[in-house]
Amino acid sequence: MAGGSVSECKEYLFKVLVIGELGVGKTSIIKRYVHQLFSQHYRATIGVDFALKVINWDNKTLVRLQLWDIAGQERFGNMTRVYYKEAVGAFVVFDVTRTSTFEAVSKWKHDLDSKVKLANGDPIPSVLLANKCDQMKDSSNNKTLMDKFCKDTGFLGWFETSAKDNINVDEAARFLVENILSNDQGLPHEESNGDRIKLDQQTVAAESKSGCC
Amino acid sequence: MAAEDLPSEFDVVILGTGLVESVVAAACSRVGQRVLHLDRRSYYAANWASFTFNGLLSWIQQQQDDTQPEETQDWCDLLEEGEELIQLSSQSSIRNLQVFTYTSKEDEVEEASADSVNTTEEEQHGPASQDDDSNQENLENHENQEENKENQVNHENQEENKENQVNQENQEENQENHENQEVNHESQEATITEGAEPEAEQPQSPAIPSQSEPSRKKISFAQLEKEGRRFNIDLVSKLMYSRGSLVELLIKSNVSRYAEFKKVSRILTYRNGEVEQVPCTRADVFASRQLSVVEKRKLMRFLTSCIEEKDDQSAYNGRPYLEFLRDQKLGENLQHFLLYSIAMVTEDTPTEVGLASTRNFLRCLGRYGNTPFLFPLYGLGEIPQCFCRMCAVFGGIYCLRHSLRCLLLDTATNRCKAVIDSRGQRISCSHVLLEENYVHERKNVATPPRFLSRAVLITDSSLHGSDSEQEVSMVTIPPITEGAPAVKMVELSSSTMTCMSGTYLVHLNCSSVSSAYQDLSPLITTMFSTPESHDQGRPSVLWCLYFNMEDGSAMEVEGHDLPSNVYVCSGPDGELGHEHAITQAELIFHKILPEEDFCPPAPNPEDILYDGGSAPSSGPEEEPSLQLEV
């Protein structure tokens, strides 16, 4: 999903998935990161596919990050391929106050790796988020264990985050984007996407008049 | 991913994730209906699905194993006063499955096995790897075959991780109208090995295709498996008319945001044993080398004139279109192009139908490219999933591997009040949609189901011209012999993200005259190189699959002795476009919600403004509420 270069400035569009068990704070993290908001209450986000964050990465690089939430209603683990398709990175989120959500992490990771891969066949870069760390009782625990877990399950790394107190959300995103960018630069660009067609209102408005006769 | 109980009440319960069901699901959810959408399968899109190569091998295996009837259970304790139970059971609409592998397996036995494990999409289904055994002479195994009346599968030696010999030759059993039984002697067999264990790979003798081309190194079966995820092999073979109702609906609803498309780049036809390109735009016509100057002028004049309805045309109403074309003094070349490739009709199609079809073709030209067609990247199986995603985004609940056991009929009103799902939960609802596989026994026996004959080939080169891997071709094939069906063929290159680089995916489709193998293999043998072909130098078939699928066009939405608020959604039909499915989805939607708009545009995610924290903040973060609030 890499964009082309316009003069000096490179523009990228990255699709990033945010997955994990129900109620671990996926939507909160997205809202915190994209809209700088946190609400104790939220409703299942109806009618929203993804949130867009535009990052001026450096003075030559613009990154448009699409964060795809699983619709609360796909929570039975049956996401469509549309959701996974052409994603280049993922956050897997669990809730530090509920161990069952951590136990599900490897299931989600496995599911992720089986459904989407980079063009070269590698798994997409993914970062583990230990969310709600503001509610964690003892914070001294098992950093080495977590590091080992990430290594074993194929995460690039992990962050303790709090959408509520805005802890580490930006850092985690920056870490993931760095990895996506380095993947992107390491890979030859896939065949030109120029002749792929999007169907939308603009296409219709601008449609060619070059009919047959 | 945890299993949870479903809410006990919905507005619409939909069983089956085919195209019609998915469009209705999205449409209902979009206007605020609470939708529960289920599929008993482990994948989306039912008979409209697409599979990776390994996924398709698993699907083939499942079709062959899928014979055990679902257990009936007594649900009477869930009944309320004045209710009656209608049991549901599904029946597969796939018949006469046959698989042939024409490429060598290579020595990479261990590696192939390991790879198939890694690339299998559905974790709970064992990967099915397939050994090739295309050697016609190798018939010893046929001795102990018995005809199995339930399906064509002979489950000899079937034990876990052991060899599973599948005899797929007995084609006549499922279609009584097959008088022609000769093909029964054409013993071909595919051996399917359930192969997680390395030792399961051993018993197969490496069959080497005797006529493989020495000049080109063929892609082996092991490579197909290894690159299996590059394939997205559709069960249906269709294209999207660029002004057809599916394209218009995708645009109108903004569901189009979930998909990208490729232009079908050329129209080919098969004539006098050769594949030719059909000129269809003005530029094509003038650039054409096979047409004379006179023919070019005639063709342009004809195409221009038939855009409008004229009196001299109506004189031909009821008479064959071919007659009309002849009387326009169009030569044989042009008649062929116009009849088979542009109108895509047969010799006895009435003139008015032929002209309407020609106009539709011309109307769709030039919107996106120089043919009237588009094809979705990653295959047609994406389309139902796009609608499912839209439904989910607007609150629809999705469960795969989850079915309905029965409907609860309110006898006083003849309406379905509730359903019982496969976990025994009672769920109230106002409307129910069922995929057609659930109403088999209720079908009118007087009209036996019609079938489509399908073949899927993986080939090593394009039928026409260079192997640029960019072309997407529609190939129209008139009946090769008297009484044979006209075949529509679509050749996809790897640029459509449906096959691995270096291969082409070819879909053939026609109305069944007999089994898929009987209908299509003579043509395949002529147009491609297979071990049975006489002349080489054509694209080699590496692997192919034949099957029959029930033709969905005959299925009625209502009736079937079902309650008045239960609608039946048909499966794929044999037409090239999607008019049947989209028309039916809109019809069903308006029966459910007569006043509502069908698929109004969904807002653009980038335009949505979050309204920050207006709710009073107290208590912990809540889980998303199931009550939908739009």
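To start, this report covers the structure provided alongside it. (Residues numbered from 1 in each chain as written. Chains lettered and ligands numbered in written order. Predicted model: local features only at pLDDT ≥ 70, side-chain atom pairs only at ≥ 80, totals over all residues. Heavy atoms only, no water.)

Let us look at the sheet that holds strand β10 (residues 240-241) of chain B. Residues and elements named next belong to chain B. Spatially, the 3 strands line up as an open sheet ordered β10-β14-β11, and their pairing is antiparallel. Each of the sheet's edge strands pairs with one partner strand only, and the pair in question is β10 and β11 (261-263). Relative to strand β14 (residues 373-376), β10 runs antiparallel, the two being bridged by 2 bridges. Pairing of M240 across the sheet is with L374, part of β14. (Pairing = 2+ DSSP bridges. Helix = DSSP H or I, 4+ residues; strand = E, 2+ residues; numbered from the N terminus.)

Residues and elements named next belong to chain B. At a minimum axis distance of 12 Å, the contact between helix α5 (residues 245-253) and helix α12 (residues 382-393) shows a crossing angle of 25°. Viewed along their axes, α5 and α12 adopt a mutual orientation that is roughly parallel. Helix-helix and strand crossings are classified by hand; for α5 and α12 the assignment is left-handed. Counting all contacts with α5, which are made through L246, L249, L250 and S253, the residues of α12 involved are I383, F387 and M390. (Axes fitted to C-alpha atoms, helices over the stretch in contact; angles between N-to-C directions. Parallel < 35°, antiparallel > 145°, perpendicular 65-115°, else oblique. Left-handed = near helix turned anticlockwise from the far one by under 90°. Contact = heavy atoms within 4.5 Å.)

In a soluble, globular protein the nonpolar side chains are often hidden away together inside. The biggest cluster of nonpolar side chains holds 149 residues, and the ones touching the most others in it are L128 of chain A together with F373, F387 and W543 of chain B. Formed by 29 residues, the second largest nonpolar core is a distinct cluster that contains I55, L65, A172 and I180 of chain A. (Core = buried A, V, L, I, M, F, W, Y, C linked by side-chain atoms within 4.5 Å. Buried < 20%, exposed > 50% of the residue type's maximum accessible area, 1.4 Å probe, protein only.)

The next subject is the side chain of E491 of chain B. Residues and elements named next belong to chain B. Here E491 shows up in strand β22 (residues 487-492). Of the residues examined, E491 reaches a relative accessible area of 0% and is grouped as buried. Every residue in contact with E491, bar those within four places of it in the chain, is listed here: R266, S461, S462, L463, E471, V472, S473, Y504, L505 and V506.

Turning to the pairing of strand β2 (residues 9-20) of chain A, a few remarks are in order. Residue and element names in this part refer to chain A. Alignment of β2 against strand β4 (residues 61-69), held across 9 bridges, turns out to be parallel. Residue pairing in the sheet places L17 in a bridge with W68 of β4. In this structure, β2 lies alongside strand β5 (residues 89-95), joined through 5 bridges in parallel fashion. Note on β5: the bridge partner recorded for L17 is A90.

Along any regular strand, the residues point their side chains to alternate faces of the sheet. All names here are of chain B. Burial of strand β2 (residues 35-39) is extensive: 5 of the 5 residues sit out of reach of the surface. Burial along β2 is two-sided: the face carrying V35, H37 and D39 and the face carrying L36 and L38 are both buried. With 4 bridges joining them, strand β1 (residues 12-15) and β2 adopt parallel strand pairing. In the strand pairing of β2, V12 is matched with V35.

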